[in-house]
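# Fold and geometry: a report
Given next are the chains, with one letter for each unit.
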Amino acid sequence: MRIAIDTGGTFTDCIVIRGSQIRVLKIFTSPDDPARAILEVIRSMVGANARHSLLILHGTTVGTNTLLERKGAKVALVTTAGFEDLIEIGRQNRPRLYDLNVQREPPIVSRVLRWGIRERIAPDGAILMKPSVSALRRLKQEIRHSGAEAIAICFLFSFANSANERAVAKALQTLGLALSVSHEILPEFREYERVSTVAINAYLAPRMGQYLARLENGAKRFFSSKTPSVRSTNPARPPLTFVMQSNGGVTSAARAIREPVRTILSGPAGGVVAARWLADLLGRKRVISFDMGGTSTDVCLLDGPARTTHETVLGGLSVAVPVLDVHSVGAGGGSLARLDAGGALRVGPESAGAMPGPICYGRGGVQPAVTDAHLLLGRLDSEYFLGGEFRLDLERTKRGFEYFLRAQPRAFRSQLNKLMTPLDLARGIIVVANATMEKALRVISIERGHDSREFSLICFGGAGGLHAVELARALGIRRVIVPQNPGAFSALGILLSDVVKDLSQSVLLSVPKETSHSAQRRRFFQQLEQRMQQLEQAGRAELRKDRFPAEKAQAQWRLDVRYVGQSYELLVPFTLAFVETFHQEHAKNYGYADSARPIEIVNLRLRLILPTAKPKIAPERRIPAADVRSAALAKKGVWFGRRLYRAGFYQREKLLPGTRLEGPAIVVEYSSTTIVPPDFVCGVDEYRNLVLTCHAQ
Amino acid sequence: MHSDSAELEIFKNLFHSVAEEMGAALRRSAFSPNIKERRDYSCAVFDRQGQVVAMGDHMPVHLGSMPRSVAVAIEALELAPGDIAMLNDPYAGGTHLPDITLVLPIFPIGVRKPLFYVANRAHHADIGGAQPASMGLSEEIYQEGFRIPPVCLARGGKIVPDVMALLLANVRTPREREGDLTAQIAACRLGERRLAELAAKHGIGKIRVYQEALQRYSARLMEEALARIPDGIYRSEDFLDDDGYSNQSLPLRVTIEIRGRLAKVDFAGSAPACRGNVNAVLAITQSAIFYVFRCLLGEDVPACAGLMAPIEIIAPKGSIVNAQPPSAVAAGNVETSQRIVDVLFRALAEALPSRIPAASSGTMSNLSFGGLSPRTAQPFAYYETIAGGMGARPSADGLNGVHTHMTNSLNTPIEALESAYPVRVRRYSLRDGSGGAGRFHGGDGIIREIEFLAEVRGSILSDRHRFPPYGLAGGKPGKAGKVELVLPTRRVLRLSSKISFAAPAGSVLRIETPGGGGWGTPRAQKRRRQT
């Protein structure tokens, strides 16, 4: 039995699939010890089924929070002598240009815990100097007495030759501390990004280890108490835990403890995996996932398998491991509005959060937020919000907007002439918030050479359904899909995730010219193939070590390629035609290509995938012209543009496959609301997804 | 048509994202380390009058000088659809010769005059002249490289081959130059495409309304900021060490007058233009003033011409802050610009004592070198700037090892540097104790040691060897900069702040950059902070 558990800031979502039945459970996260809430969830979900072997797939924020809250381990960092401060200097730039009070995140390893060792590798891998035995002895002594809880080692050019790093790791092994060594974690060039990644790994390892051990032990205890039958001839296997990684695949708990840096951006990954799965189920190749929550919106373009990036910055620190290419902007339901000193209406990135929340929550919020604007426009109804558990205060919101407008200086009169009433302000707030999200969608589609009109939008998260249609209209997207249980969509993605292992190796190899001798080119390809095979063997060995059936893994070979002299690479599949593919990609991304220019291969990239059996969800029969009366809640006034319409409100759970709702209409469910503007129609497909399309098409 | 608050915000961001997108494309496809790693470039969008409506957050030193390029290009050339103007002449819209600027007019369908212009400027690794990387000592502009007045690099959508050939024949690394220019052209074309889409979507009338609304909006923002500064006349002075030819220090003097919502900045009393190349053309001076006042805004806004509208600038012609031909100017952009910022902040510290930081390192510590690569036997040229300590703020220590004020360029990764050039970096660390003491400490500078594995000719253009970065409110100054060349014979040569030198293979150059000034009287025996 597979159970997915997604720990978020407020809620822990849990999802189990039995047959074609999806069961979802949502409980409050226990921030002091997330494992407690999880074990509770497992207990209530698994219940009598504990006899079957149990597989827990877990999306955790323990790594992310440990880093952002700076609660990680005391790390000893060992570098090449002369480069101890690299982790502090970084790329020697400041994060904001015109801010006299700008701060940089302090390094996660303080000066007293950094050691330089006299050693050196040349760019071609030649050993110029080996660490001396006496230096190693002294290093070991000093680290032993420093109180360090974990060790990170990163030498220059270790990707070209790891001998010196290995020698130091071997000498320090007996200290019994978790070791993170750069050629193992990230054998890629660019020393700052590497040292940062490796130090973060060391910083997280002890905490992640403790947390997952507590979780696994808890599950084991619970499990053994449920299976008292010592006499049983066929005792069930102990429960297994897999952990979600930032690259959109899961890995074993043991690997997550060794390489926790691979989990710290896994938050948005589940939703992307689920979006890919749903798109495949519906036979759509090109989709954009759109996840709008309270403070931010995550978007990801999927043209085939999800892409990864290696240039992530989290909390001001570089993390160069593969991360799903999700673009995030500070616009959400809680985003706050204000007028700046020049009279422009700003929305976000400041957010009302859960406390005090928007004005309409009545918990002390006074500044207009996006959710308030929707309420004033009639799109949210206090009776159905969160199943009616929570009343939204319309009067208070109106007064708040009136006060906001009165409080603005006269100097902005001319600017404000279109923002005279609370309704105008509400419309303005929505328009500005939409513009921010539209930009995010443009960045990942049009700015990367895709035509947004060829995509469908898969929309989830609490606030997505309130904005998706307008965004689709702005980008010429013809179809918006709102899946069932949009609040648990990320958890569903985790449940469906494959086991994925990513490996890389910097090689910096010049590709022989087209014109050069064909024998030379053939030899080059053979060499490249050999190195890829070596990498693949190493990868399979690690999978075996993690107790996966490594021989069943599918391998994907890819290359990071660029023109000689450039600094950014493009990722292309390793085929005989990779050179042509590169030129095409370059033209698509940057507007030009030059086939006469020499090119080089910077990194080999290998991905090993053990596919997870995807559940077979049987489509339901569409009922032609399904009756919507049982789902109808009320008819109320809702603003679209500058017109007030009477729109029907419908309960999502009661809408049957085959339903067709003409806009204007509002579909409400427990944790989200979807609006259907007058020129749109909302269908319910055979998997109970809402499918919104424009009349005009 | 009137503008409104919501659409104003939207158009502001639309224009800004075009500039940012151009920048990203340029960075990712360029070849010079200066562009791709160090990000020494700027992209901007201009309205139909040639006023900036949006500039990417790239290089502050280009803030005031980009508009000049567009103005000069419009004046000098009849730009038709598909044309691209190119220039680098500091006396005709440029800054210093390695910065090549391209300007492209945008004619939406059915419009006879351009509705927009886009421009991008990038620091090329070499533009010819006496020294590799074109950043050495010089006495007149003719020694500093190939000078390009506004010319058409492309006509009707096609590159003019003669112009390209003429340029490439005058630089040390032509293949790299060609690649960078191709990337610059592609970025211009990208901007053109996006703005034409915008015009088609929103209509030309509306675009015009918001072009103007943005100028008024940004002027209002600056007026609000000026109104918060107490009225008065504020004076100060600071010095450049020397011009690289004599020992004479060079004073910069400024008088800032704040009256209501207006400001006047007057450089009367500053040194006349000098024999060396620390002369700034007016555009550089404007950039530095733009930067300082923008820091006081307290709002995160794209750079817009309107921001400068309430500020009057008086810079005596022929002085070091308004140099005239044929003065050499290579270091005006990188060194004098920093000192102008220092002197402006020093004056404003009197008006706003709780907001203004002590002096930062005040030099970009420019290092350039070149020679013949032993591996490929081809000429190479390399240029980098080295960070220093940030000045302490009235409520916080200064940052260590960071680029400040007029630059924000990144370092070239050591593993990239050593893979491409015959050098070995021996040390790259913080310079302990170089930040000035104070209630808040100045940030520490950097020590960088580079061993040359082949014979090179190199240049240093730096400052703050003699006049260290000042402290404020009783804080101590940061440590001055220092440069040494250790020859293979172990003999140590102390180099001055501005010098061109030849170094045999096996010599090691050691550069120590200045620390930032401290802020506030140091508490007795304050414990040395731990980072």
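Remember, it's a predicted structure, so these values are computed and weren't measured experimentally.

Now for the overall build of chain B. Each helix and strand in chain B was counted, giving nine helices and 20 strands. For chain B, whose C-alpha radius of gyration is 23 Å, the value lies close to the compact-globule estimate of 24 Å for 531 residues. Dimensions of chain B along its principal axes, counting C-alpha atoms only, are 70 × 60 × 40 Å. Within chain B, buried positions represent 66% of all 531 residues.

Secondary structure summary: chain A contains 17 helices and 34 strands in total. Computed over its C-alpha atoms, the radius of gyration of chain A comes to 27 Å, within 12% of the 26 Å expected for a compact globule of 697 residues. A principal-axis box enclosing the C-alpha atoms of chain A has dimensions of 80 × 75 × 55 Å. The burial tally for chain A puts 49% of its 697 residues in the buried class. Nonlocal contacts in chain A, meaning residues at least 24 apart in sequence, comprise 67% of its contacts between residues at least 6 apart.

What follows is about the packing of helix H13 (residues 422-444) of chain A against helix H1 (residues 5-29) of chain B. Direction vectors running N to C along H13 of chain A and H1 of chain B enclose 10°, while the axes themselves pass 9 Å from each other. The pairing of H13 of chain A with H1 of chain B is recorded here as roughly parallel in orientation. Where H13 of chain A abuts H1 of chain B, its residues Gly428, Val431, Val432, Ala435 and Lys439 of chain A lie against Ser5, Ala6, Glu9, Ile10, Asn13 and Ser17 of chain B. Residue composition of the contact of H13 of chain A with H1 of chain B, by class: five nonpolar, four polar and two charged.

The next thing to look at is the confidence of the model for chain B. Predicted confidence across chain B gives a mean pLDDT of 93, with 98% of residues reaching 70 or more. Here the complex is predicted with pTM 0.91, and the ipTM for its interfaces comes to 0.92.

Size of an interface: often given as the accessible area lost when the parts come together. Residue and element names in this part refer to chain B. By domain assignment, chain B separates into domain 1 (5-218) and domain 2 (357-531). The C-alpha-based centres of domain 1 and domain 2 are spaced at 31 Å. Taken together, the contacts link 19 residues of domain 1 with 23 residues of domain 2. For the side of domain 1 that touches domain 2, a count of residues per class yields nine nonpolar, four polar and six charged.

Turning our eyes to something else, we now look at the domain arrangement of chain A. Residues and elements named next belong to chain A. According to the domain assignment, chain A contains domain 1 (72-203) and domain 2 (499-610). Put simply, the middle of domain 1 and the middle of domain 2, counted by C-alpha atoms, are 28 Å apart. Domain 1 puts four residues into the contact, and the matching count from domain 2 is five residues. For the side of domain 1 that touches domain 2, the per-class residue count stands at three nonpolar, no polar and one charged.

At the junction of the two partners, chain B supplies 62 residues and chain A supplies 56 residues. Only H1, helix H5 (174-202), helix H6 (204-227), helix H7 (282-295), helix H9 (414-420) and strand E14 (423-431) of chain B provide two or more residues apiece to the side of chain B that touches chain A. The residue makeup of the side of chain B that touches chain A, split by class, is 23 nonpolar, 19 polar and 20 charged.

This paragraph deals with the environment of threonine 673 of chain A. Residue and element names in this part refer to chain A. Of note, threonine 673 is situated in strand E32 (residues 673-676). For threonine 673, a count of 21 C-beta atoms within 10 Å corresponds to the buried category. Not counting residues up to four positions away in its chain, the partners in contact with threonine 673 are Arg379, Leu380, Gly465, Leu466, Ile666 and Val668.

Next up on the list: the nonpolar core. Core analysis: the largest hydrophobic core is formed by 367 residues, its most contacted members being Val75, Ile151, Ala199, Ala202 and Leu457 of chain A together with Val45 and Leu344 of chain B. Examining the composition of this core, we find that 14 residues originate from one element, helix H7 (residues 191-226) of chain A, more than from any other. Ignoring anything within four residues of it in the chain, the contact list for isoleucine 151 of chain A reads Ala76, Val78, Ile143, Leu172, Leu177, Leu179 and Ala202 of chain A.

All names here are of chain A. Pairing is mixed across the open sheet formed by four strands, whose spatial order is E28-E29-E31-E32. Looking at which strands have only one partner, the edges of the open sheet turn out to be strand E28 (632-640) and E32. Recorded for the sheet is a direction-independent mean angle of 25° between the axes of neighbouring strands. Of the strand pairs in this sheet, E28 and strand E29 (residues 643-651) are connected by eight bridges, and their pairing is antiparallel. For valine 638, the partnering residue across the bridge sits in E29 and is tyrosine 645.

Residue and element names in this part refer to chain A. Pairing is parallel across the open sheet formed by four strands, whose spatial order is E6-E5-E9-E10. Of all strands in the sheet, those bounded by a partner on one side alone are strand E6 (114-117) and strand E10 (178-181). Averaged over all neighbouring strand pairs, the angle between strand axes comes to 20°, with direction disregarded. Pairing between strand E5 (residues 75-80) and strand E9 (residues 150-154): five bridges, direction parallel. Across the sheet, the residue bridging to leucine 77 is alanine 152, located in E9. Of the strands in this sheet, E5, E6 and E9 are in contact with helix H4 (residues 133-144), which crosses E6 at around 175°.

What follows concerns the pairing of strand E1 (residues 41-46) of chain B. Consecutive side chains along a regular strand alternate between the two faces of the sheet. All names here are of chain B. Of all six residues in E1, six are buried, a share of seventy percent or more. Burial along E1 is two-sided: Tyr41, Cys43 and Val45 and Ser42, Ala44 and Phe46, pointing in opposite directions, are all buried. Bridge count between E1 and strand E2 (residues 52-55): three bridges; the pairing is antiparallel. Opposite alanine 44, over in E2, you have methionine 55 as the bridge partner. The loop that links E1 with its antiparallel partner E2 comprises five residues; one of these, glycine 50, has a positive phi angle of about 85°.

Residues and elements named next belong to chain A. Within the secondary structure layout, leucine 324 lies in strand E18 (residues 323-324). A count of 26 C-beta atoms within 10 Å places leucine 324 in the buried class. Separated by 284 residues in sequence, leucine 324 and glutamate 40 place their C-alpha atoms 30 Å apart. With sequence-adjacent residues up to four places away left out, leucine 324 is seen in contact with Ser246, Asn247, Gly248, Pro268, Ala269, Val272, Cys300, Ala306 and Thr308.

In low-pLDDT segments, the atomic positions of the prediction should not be examined closely. Chain-level pLDDT for chain A is 89 on average; 94% of the residues reach the 70-or-more range. Residue range residues 227-235 of chain A is modelled with pLDDT below 50. Its contacts to residues more than four positions away, or to other chains, number four contacts.

A word on helix H1 (residues 34-46) of chain A. Residue and element names in this part refer to chain A. Compared with an ideal rise of 1.5 Å per residue, which puts 13 residues at 18 Å, H1 spans 18 Å between its outermost C-alpha atoms and is within 8% of the ideal. Of all the residues in H1, the buried ones are Pro34, Ala35, Ile38, Leu39, Val41, Ile42 and Val46. The arc that holds every buried residue of H1, seen down its axis, measures 160°, which confines them to one face.

In this section: the packing of H1 of chain B against H5 of chain B. Residues and elements named next belong to chain B. Look at H1 against H5: their axes get within 9 Å of each other, and the N-to-C directions meet at 155°. Viewed along their axes, H1 and H5 adopt a mutual orientation that is roughly antiparallel. In the crossing of H1 with H5, the sense of the turn from one axis to the other is right-handed. Together, Leu14, Val18, Glu21, Met22, Ala25, Leu26 and Ser29 of H1 and Ala183, Gln184, Ala186, Ala187, Leu190, Gly191, Arg194, Leu195 and Leu198 of H5 make up the contact between the two elements. Of the residues assigned to the contact of H1 with H5, the class counts are eleven nonpolar, three polar and two charged.

This paragraph deals with the pairing of strand E20 (residues 508-512) of chain B. All names here are of chain B. Note that strand E15 (residues 445-452) and E20 share five bridges and pair antiparallel. Bridging across to E20, glutamate 451 finds its partner in valine 508. Bridge count between strand E17 (residues 482-486) and E20: five bridges; the pairing is antiparallel. Counted as the bridge partner of leucine 485 is leucine 509 from E20.

With that out of the way, let us pick up the environment of alanine 183 of chain B. Residues and elements named next belong to chain B. Along the chain, alanine 183 falls in helix H5. A tally of 27 C-beta atoms within 10 Å means that alanine 183 is categorised as buried. Residues contacting alanine 183, with those up to four places away along its chain left out, are Leu26, Ser29 and Ala30.

A word on unusual backbone geometry. Here the bond from glycine 348 of chain A into proline 349 of chain A is cis, since omega is 0°, no more than 30 degrees from zero. Within the secondary structure, proline 349 of chain A is located in strand E21 (residues 345-351). Of the consecutive residues proline 325 of chain B and proline 326 of chain B, the connecting peptide bond is found in the cis state with omega at 0°. With respect to the secondary-structure elements, proline 326 of chain B resides in the loop between strand E11 (311-314) and helix H8 (332-351). Located in the positive-phi region is arginine 70 of chain A, a residue other than glycine, with phi close to 55°. Tracing the chain through its elements places arginine 70 of chain A in the loop between helix H2 (62-68) and E5. You will see that histidine 405 of chain B, though not glycine, has its phi angle at about 50°, which is positive. Of the residues examined, histidine 405 of chain B has 30 C-beta atoms within 10 Å and is grouped as buried.

Conventions we followed
Residues numbered from 1 in each chain as written. Chains lettered and ligands numbered in written order. Predicted model: local features only at pLDDT ≥ 70, side-chain atom pairs only at ≥ 80, totals over all residues. Helix = DSSP H or I, 4+ residues; strand = E, 2+ residues; numbered from the N terminus. Rg over C-alpha atoms; globule rule 2.2 N^0.38 Å. Buried ≥ 20, exposed ≤ 12 C-beta atoms within 10 Å, placed from the backbone. Contact = placed C-beta atoms within 7 Å. Axes fitted to C-alpha atoms, helices over the stretch in contact; angles between N-to-C directions. Parallel < 35°, antiparallel > 145°, perpendicular 65-115°, else oblique. Nonpolar A, V, L, I, M, F, W, Y, C, P; charged D, E, K, R; others polar. pLDDT = per-residue confidence, 0-100. Domains from an automatic or database assignment. Core = buried A, V, L, I, M, F, W, Y, C linked by C-beta atoms within 7 Å. Pairing = 2+ DSSP bridges. Expected span 1.5 Å × (residues − 1). Arc of directions from axis to C-beta. Left-handed = near helix turned anticlockwise from the far one by under 90°.

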